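Residue-level structural notes
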Amino acid sequence: MSSISLNPCASSVQPIPLNLRERENRAVSLLQSSTTFRQITQIHAHIIRNSLHQNSYVAAKLVALCFSFKNPCYATRVFHQVPDPNHFVWNAMIKGLCLFGDYDDCLVSFVRLMNHGSRPDRFTFPVLFKACSKLAAAGEGEALHAHVLKLGMGADVFVLTALMDFYGSCHQSSAARRVFDRMSERDVVSWNAILASYFRCGLVELAKEVFEEMPEKNVSSWTTMIGGLVQNGNPREAVKLFPEMKMAGVKPDGKLIVTLLSAIADLGVLEMGQWIHDFVKKNGIGMDPYIATALIDMYSKCGNIREARLVFDGITSKTLSCYNAMIMGYAVQGMGKEAIKLLKQAERTEVGVDDFTMIAILIACSHSGLADEGCRYFKLMREVYGIEPKMEHYGCLVDLLGRAARFDDAIEMVESIDGDSLLLGTLAFACRVHGNLELGDKLTRKMSLTDPTNSGLLVLKSNLFAAKGEWEEAAAVRQLMREKGIGKKPGCSWIEVNNVVHEFVAADDSHPCSMQIYSKLIVLTEHMKSLGGNGK
């Protein structure tokens, strides 16, 4: 009888114990110690020669490893070698397909499992609910919910938590809450799931109530709360939670730091971002690529591009996301040449480029007046990088051409792809900036046919009328907005003074120092008028 070597790379062959369980354990041990896919195939050959390839215990481990080494085709072949797979093999196959992003095949495998006569267990359904979440397959998820109840798993916390997460991802907060309320026991993961569900549905106040009610909060609870507030447009509230979390004795992890830095970047509060950076250094939190990327993004958005570059240069193993963050940092600062230089460096290090890299480069060229360079890189997307342009790339190119007043080229581009209202709006705004009012009027009229109640479009249209001196037409557009109840979201800005973030909204007088602020603005306006400004 052939044997399996203790070392996958060894040429010598050692006898295998005759006991089946010992042979199974030996094979699994060898599989778990492998570090390359080639070793996996060598061990698989030994497994076949020793008649273990139809063994469900060994096959389940082999299928899982094939997926972890990103070879789903090989995993499928291994699976089909097992004539009567048990639930361990089915679970390995279903989980692998889900992790690899083959969500449709994941659900199809469940149907085959049921037709085969196998019984799913508590580890099967969470994976299936995740697949349904990714596919936004509400009907399929509800059918799985029925299977859970039918199979007597309606009280399993592990399964029900995954079910809540599914309903939340499908924006069915009421269904998620019903599952939560019917749970006989709840752990912190269950509370986190209902919290996340409310945030996904935009129910911020309900999420706050759940957070206050939680009997126990772990670092994931705080991360979900801070991240949920950021995603729902409340970065200021998110930042305020960090001191509370520290007082509660919860130690932040890398994921929470990344989430917090995202909120700080949105606010543009540099001092707080620097404090978080120092906190990371002093508390021994590893500077992984995720934290480094978040720091680069934060420093860039706060205007400290030098510090962003220092963080970038200090990363030992730079990923594509690190390069993308730094290139975008240069882009928003109008440093196009530096962005292009960094792109070339990424190419030399074989990190590669992706969709986002090209968006950042196009923005960099647009904000730096490098129209010809931007057009060249847009052309290179297909020819050199093998990236098919998406609407976001076309939008960047139209913005670039509009800023350069190359309206003929921009119109040709928009018409060639049947551009949407966003592209038309981008070009119309450029027309207003450069005084091409005739083309701008033509574009806004075209947009009105498809999106007549768009507040941004109506404001732009009014401004174009005003720029042409057609005051009555401009007033008519504003009157239409009032009559239809169409309002433009007011502008909002933040400023940090002595580690306190102050928020200002257009036409708002809720700030406690608003009287002094408006008085000072009047003084500044009069001063500008005296210097020759128009005071508008």
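Residues numbered from 1 in each chain as written. Predicted model: local features only at pLDDT ≥ 70, side-chain atom pairs only at ≥ 80, totals over all residues. Heavy atoms only, no water.

**Regarding the packing of helix 21 (residues 355-368) against helix 22 (residues 371-383)**
Close contact between helix 21 and helix 22 brings their axes to 8 Å; oriented N to C, the two are set at 165°. For the element pair helix 21 / helix 22, the angle class is roughly antiparallel. Helix 22 is crossed by helix 21, and the crossing has left-handed handedness. Contacts between helix 21 and helix 22 involve M358, I361, L362 and C365 from the first element and A371, E373, G374, Y377, F378 and M381 from the second. Among the residues forming the contact of helix 21 with helix 22, the class breakdown is eight nonpolar, one polar and one charged. (Axes fitted to C-alpha atoms, helices over the stretch in contact; angles between N-to-C directions. Helix = DSSP H or I, 4+ residues; strand = E, 2+ residues; numbered from the N terminus. Parallel < 35°, antiparallel > 145°, perpendicular 65-115°, else oblique. Left-handed = near helix turned anticlockwise from the far one by under 90°. Contact = heavy atoms within 4.5 Å. Nonpolar A, V, L, I, M, F, W, Y, C, P; charged D, E, K, R; others polar.)

**Some details on the side chain of D156**
Among the secondary structure elements, D156 is positioned in the loop between helix 8 (138-150) and helix 9 (157-169). A distance of 2.9 Å separates the side chain of D156 from the backbone nitrogen of F158, its partner in a polar contact. Within the structure, D156 has its side chain in polar contact with the backbone nitrogen of V159 (distance 3.1 Å). (Polar contact = N/O pair within 3.5 Å; in protein donor to acceptor, adjacent residues only side chain to side chain.)

**A word on helix 2 (residues 37-49)**
With 13 residues, helix 2 should cover 18 Å at 1.5 Å per step; its first-to-last C-alpha distance of 19 Å lies within 8% of that length. Buried within helix 2 we find Q39, I40, I43, H44 and I47. One side of helix 2 holds all its buried residues, which, seen down the axis, span an arc of 140°. In helix 2, the exposed positions angled more than 90 degrees off the buried face are occupied by R38 and R49. (Expected span 1.5 Å × (residues − 1). Buried < 20%, exposed > 50% of the residue type's maximum accessible area, 1.4 Å probe, protein only. Arc of directions from axis to C-beta.)

**Here we look at a negative patch on the surface**
A contiguous patch of negative charge on the surface is contributed by E209, E212, E213 and E244. Along the chain, E209 falls in helix 12 (residues 204-213). Overall, E209 belongs to the partly exposed group, its relative accessible area being 45%. (Patch = residues over 30% accessible without salt bridge, like charges linked within 9 Å, V, L, I, M, F, W, Y side chains within 5 Å. Areas by Shrake-Rupley, 256 points an atom, 1.4 Å probe, with all protein chains shown as cover. Salt bridge = Lys/Arg side-chain N within 4 Å of Asp/Glu carboxyl O. Lys, Arg positive; Asp, Glu negative; His and termini not counted. Charge placed at Lys NZ, Arg CZ, Asp CG, Glu CD.)

**Describing the side chain of S197**
As for its position among the elements, S197 is in helix 11 (residues 188-200). A relative accessible area of 0% means that S197 is categorised as buried. Dropping the residues within four chain positions of it, S197 is found in contact with M164, D165, G168 and A176.

**Some words on the confidence of the model for the chain**
For the chain, per-residue confidence averages 83 on the pLDDT scale, and 81% of positions sit at 70 or higher. This model gives residues 1-13 a pLDDT under 50, and the stretch forms 33 contacts once residues within four places in sequence are excluded. (pLDDT = per-residue confidence, 0-100.)

**A look at the pattern of salt bridges**
Under the definition given, this model contains 13 salt bridges. Between E373 and R376 there is a salt bridge whose closest N-O contact spans 3.3 Å. With E373 and R376 both in helix 22 and three residues apart, the pair spans about one turn of that helix. With relative accessibility at 26%, the residue E373 sits in the partly exposed group. For R376, a relative accessible area of 38% translates into the label partly exposed. When the shortest N-O distance is used, the salt bridge between D409 and R406 registers 3.2 Å. Its relative accessible area of 32% is what places D409 among the partly exposed residues.

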